[in-house]
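Architecture at a glance
Each chain, letter by letter, is given below.
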Amino acid sequence: MRLDTPMAPQTNPHNALPATPMRTITVAEGDGIGPEITRATLAVLKAAGAAVDVQPITVGEAIYKSGHSTGIAPEAWDSLRATQVFLKGPITTPQGGGYKSLNVTIRKTLGLYANVRPCVSFAPFVPTMHPKMDVVIVRENEEDLYAGIEHRQTDQVMQCLKLITRPGCERIVRYAFEYARAHGRRKVTCMTKDNIMKMTDGLFHQVFDEIRAHYPDIATDHMIIDIGTARLATRPEQFDVIVTPNLYGDIISDVAAELTGSVGLAGSANIGEHVAMFEAIHGSAPDIAGKDIANPSGMLLSAVMMLVHIGQPKVAETIHNAWLATIEDGFHTADLARSLDGTAKTGPTVGTQAFAQAVIERLGKKPQTFKPVSYAATDGTKVSAAAAPAMAAQAASKKVAKKEMVGVDVFVHQSSMTADALAAQLQALTVPGLKLQMITNRGVKVWPGGFPETFTTDHWRCRFMVEGGDTATLAHRQIVALLGNVTEGGVDVIKTENLCTFDGERGFALGQGQ
Ligand code: NAD
């Protein structure tokens, strides 16, 4: 089937449903195995009577090679903004050069803040050590270290800024709870590392605690990400919905998908307030491209999520149940037809298009061993819509805090002096009203009272605090004067961070050992 062929059926031939309005969707087949799995997916959608009209765009390798370092041509954005629904094949990201990941670009440009990754076991038909696993990972999709703000600061030190915002936390946590409610899920677990990152991850955890109070019907807990990941890998059946910041979510969703049997099985949704993107979680698999052996399930199950999202739950249910019946009937692509240790084949295999044909032949059938899915009560269109106004109300309820500057951290590049010598130099260069309070290296206090055992690099954080008691505040001109003195004194200043209180509460972390 050509991608530019509009899919005509207005009624579902398997359920004799009334006509559903046609919905235009943007489709990119992607790179590597992308064209094969897209063809297979669209064939199933067409046969099932999905009321979708395909608008094809090209993204990825061909666009990178034509000179667009973003991997997407300007006109493709018009299609995405017009249709607001994107079914995307996997993209090969060129390594090195100035190329940014197209996925990250699309997610952030279109505000796709929630990455939803269901990871379900299909035992006994797909070998897995965790036959009862059924976890949905709701990953924050725009912030955290993925803001991509990185700098080289000294000869020895690189920096990546971790940005966590209150509105960002509010909408992802709210989304996770709304998702749980809409999909009949009972528990939401939050995972952070707020024992270490008390301000950034601490904010995520705090917002989780605030929002969970509004969902008394849903059980909740919080786990530190390290033990949470360990438990997910060993006892995944204990989890239902997991909500977590970007980096942790990226890692644990691959762990979870692999635990179910194959990375080729999992689909995902990237949800924003206006646009949503649906894609398999795997990549373009260049090692098996063009061989008709790729598993199209990840993309097909992404398309099922898309159909729920655009208000076609019945056809989504028909496809999902036919897919379950196909897996039960032993139609497996090569990645599934192996034993747990990955060595021996467990049965005959089918190719990508034959697998899709087997799904098509089972449209209208229900699985016998697996519990049939039902999306009848699920209104995916309402999940993000419900989360958005609630989130706005939540944010609006936060008044603007009284912000007062009480100090400044001056970051310095130097490798010729000890901490004591640097402190002496800075004390001689400071301005009236500002006092050097401490120096840290990689976050550890090295002055005053540093340990000779502490390893140091060429990157020093020098904290100046305002003098004059608890009520004294600092003016920007004092910082400018300090920087003038210090730089004229020969110190290489990298950057500064203002130290503020918000309604009297400290808005900066102490030094380790302070
Ligand atoms: P990959 O997911 O493409 O492949 C990893 C392994 O899994 C390979 O052995 C592959 O053959 C297998 N595999 C993946 N999907 C499969 C499927 N549907 N059926 C059967 N086997 C499957 O990861 P990679 O090799 O690390 O990355 C390849 C390219 O994909 C890179 O350029 C990477 O940047 C890109 N990538 C894109 C996306 C995306 O577009 N969303 C996601 C991840 C990686």
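See above for the structure.
It should be emphasised that the depicted structure is a prediction, and the values quoted were computed from it without experimental measurement.

Our focus in this paragraph is the overall build of the protein chain. Scanning the protein chain for helices and strands turns up 14 helices and 18 strands. Relative to its full complement of 514 residues, the protein chain shows a buried share of 50%. Just so you have it, the protein chain exposes about 22,400 Å², and 54% of that area is on carbon and sulfur atoms.

Positionally, Thr 457 belongs in the loop between strand E15 (444–447) and strand E16 (459–466). The class of Thr 457 is buried, set by a relative accessible area of 12%. Note: C-alpha distance between Thr 457 and Asp 155 (302 residues apart in sequence) is 9.3 Å. Setting aside its immediate chain neighbours within four residues, Thr 457 contacts Gln 156, Val 157, Gln 414, Asn 441 and Arg 442. Side-chain polar atoms of Thr 457 contact the backbone nitrogen of His 459, separated by 3.3 Å.

Residues Leu 45, Val 188, Val 243, Phe 278, Leu 307, Ile 319 and Trp 323 are the most contacted members of the largest nonpolar core, which totals 72 residues. At nine residues, helix H9 (residues 297–309) tops the list of elements feeding residues into this core. When residues of this core are sorted by domain, at least three fall in each of domain 1 (1–112 + 275–367) and domain 2 (114–261 + 382–398). Other than its neighbours up to four places away in sequence, Trp 323 contacts Phe 122, Leu 265, Ser 297, Leu 300, Leu 301, Phe 355 and Val 359.

Enumeration over the complete set of coordinates arrives at seven aromatic pairs. Taking 6.0 Å as the distance between ring centres and 90° as the angle between the ring planes, the aromatic pair formed by Tyr 113 and Tyr 175 counts as edge-to-face. Residue Tyr 113 is found in the loop between helix H4 (102–109) and strand E4 (114–120), and its partner Tyr 175 is found in helix H5 (residues 166–182); the two are separated by 62 residues along the sequence. Of the two residues, Tyr 113 and Tyr 175, both sit in the buried class. Members of the aromatic cluster, each reached through a chain of ring pairs, are Phe 122, Phe 125, Trp 323 and Phe 370. Stacked on the ring of Phe 411, the Lys or Arg Lys 495 has its end atom at 4.9 Å from the ring centre.

Packing of H5 against helix H6 (residues 200–212) leaves a shortest axis separation of 9 Å and a crossing angle of 45°. When the interaxial angle is binned, H5 and H6 end up oblique. As for the relative orientation of H5 and H6, their crossing is right-handed in sense. For the pair formed by H5 and H6, the contact residues are Arg 166, Cys 169, Glu 170, Ile 172, Val 173, Arg 174 and Phe 177 on the first element and Leu 203, Phe 204, Gln 206, Val 207, Phe 208, Glu 210, Ile 211 and Arg 212 on the second. Across the contact of H5 with H6, the residue classes tally to nine nonpolar, one polar and five charged.

Now for helix H10 (residues 313–328). Along its 16 residues, H10 runs 22 Å from first to last C-alpha, staying within 8% of the 22 Å computed at 1.5 Å per residue. Among the 16 residues that make up H10, 14 are buried, leaving the element largely enclosed by the rest of the structure. Directly after H10, the chain includes Gly 330, whose backbone phi takes a positive value near 90°.

What follows concerns the site of the ligand. Around the ligand, a shell composed of 21 residues is seen, among which Ile 91, Gly 283, Ala 285, Asp 287 and Asn 295 lie nearest. Gly 283 is positioned with one of its backbone polar atoms (N or O) 2.7 Å from an oxygen atom of the ligand. Class assignment for the residues of the shell around the ligand results in nine nonpolar, eight polar and four charged.

On to the sheet that holds strand E17 (residues 492–502). Hydrogen bonds between backbone atoms are what pair the strands of a sheet, whose relative direction is either parallel or antiparallel. One open sheet holds the six strands; their spatial order is E15-E14-E16-E13-E17-E18, and the pairing between them is antiparallel. Where the open sheet ends on each side, the last strands, each with one partner, are E15 and strand E18 (505–506). In terms of strand pairing, strand E14 (residues 434–441) meets E16 through seven bridges, oriented antiparallel. Directly across from Thr 440, in E16, lies its bridge partner Arg 461. Each of strand E13 (403–413), E14, E15 and E16 touches helix H13 (residues 419–429); the most contacted strand, E14, lies at about 155° to it.

Another point: unusual backbone geometry. In this chain, Ala 123 is followed by Pro 124 through a cis amide linkage whose omega measures 0°. Going from Trp 447 to Pro 448, the amide bond is cis rather than trans, its omega being -5°. Within the secondary structure, Pro 448 sits in the loop between E15 and E16. Positive phi is not limited to glycine here, since Ala 285 has a value of about 40°. Assignment of secondary structure puts Ala 285 in the loop between strand E12 (276–280) and H9. The class for Ala 285 is partly exposed, based on a relative accessible area of 22%. Phi angles above zero are rare outside glycine, and Asp 292 is one such case at about 60°. When you line up the elements, Asp 292 lands in the loop between E12 and H9. Note on Asp 292: relative accessible area 32%, which makes it partly exposed.

About the criteria used
- Residues numbered from 1 in each chain as written.
- Predicted model: local features only at pLDDT ≥ 70, side-chain atom pairs only at ≥ 80, totals over all residues.
- Heavy atoms only, no water.
- Helix = DSSP H or I, 4+ residues; strand = E, 2+ residues; numbered from the N terminus.
- Buried < 20%, exposed > 50% of the residue type's maximum accessible area, 1.4 Å probe, protein only.
- Areas by Shrake-Rupley, 256 points an atom, 1.4 Å probe, with all protein chains shown as cover.
- Contact = heavy atoms within 4.5 Å.
- Polar contact = N/O pair within 3.5 Å; in protein donor to acceptor, adjacent residues only side chain to side chain.
- Core = buried A, V, L, I, M, F, W, Y, C linked by side-chain atoms within 4.5 Å.
- Domains from an automatic or database assignment.
- Phe/Tyr/Trp six-rings, centres within 6.5 Å; stacked < 30°, edge-to-face > 60°.
- Lys NZ or Arg CZ within 6 Å of the ring centre and 35° of its normal.
- Axes fitted to C-alpha atoms, helices over the stretch in contact; angles between N-to-C directions.
- Parallel < 35°, antiparallel > 145°, perpendicular 65-115°, else oblique.
- Left-handed = near helix turned anticlockwise from the far one by under 90°.
- Nonpolar A, V, L, I, M, F, W, Y, C, P; charged D, E, K, R; others polar.
- Expected span 1.5 Å × (residues − 1).
- Near = heavy atom within 4 Å.
- Pairing = 2+ DSSP bridges.

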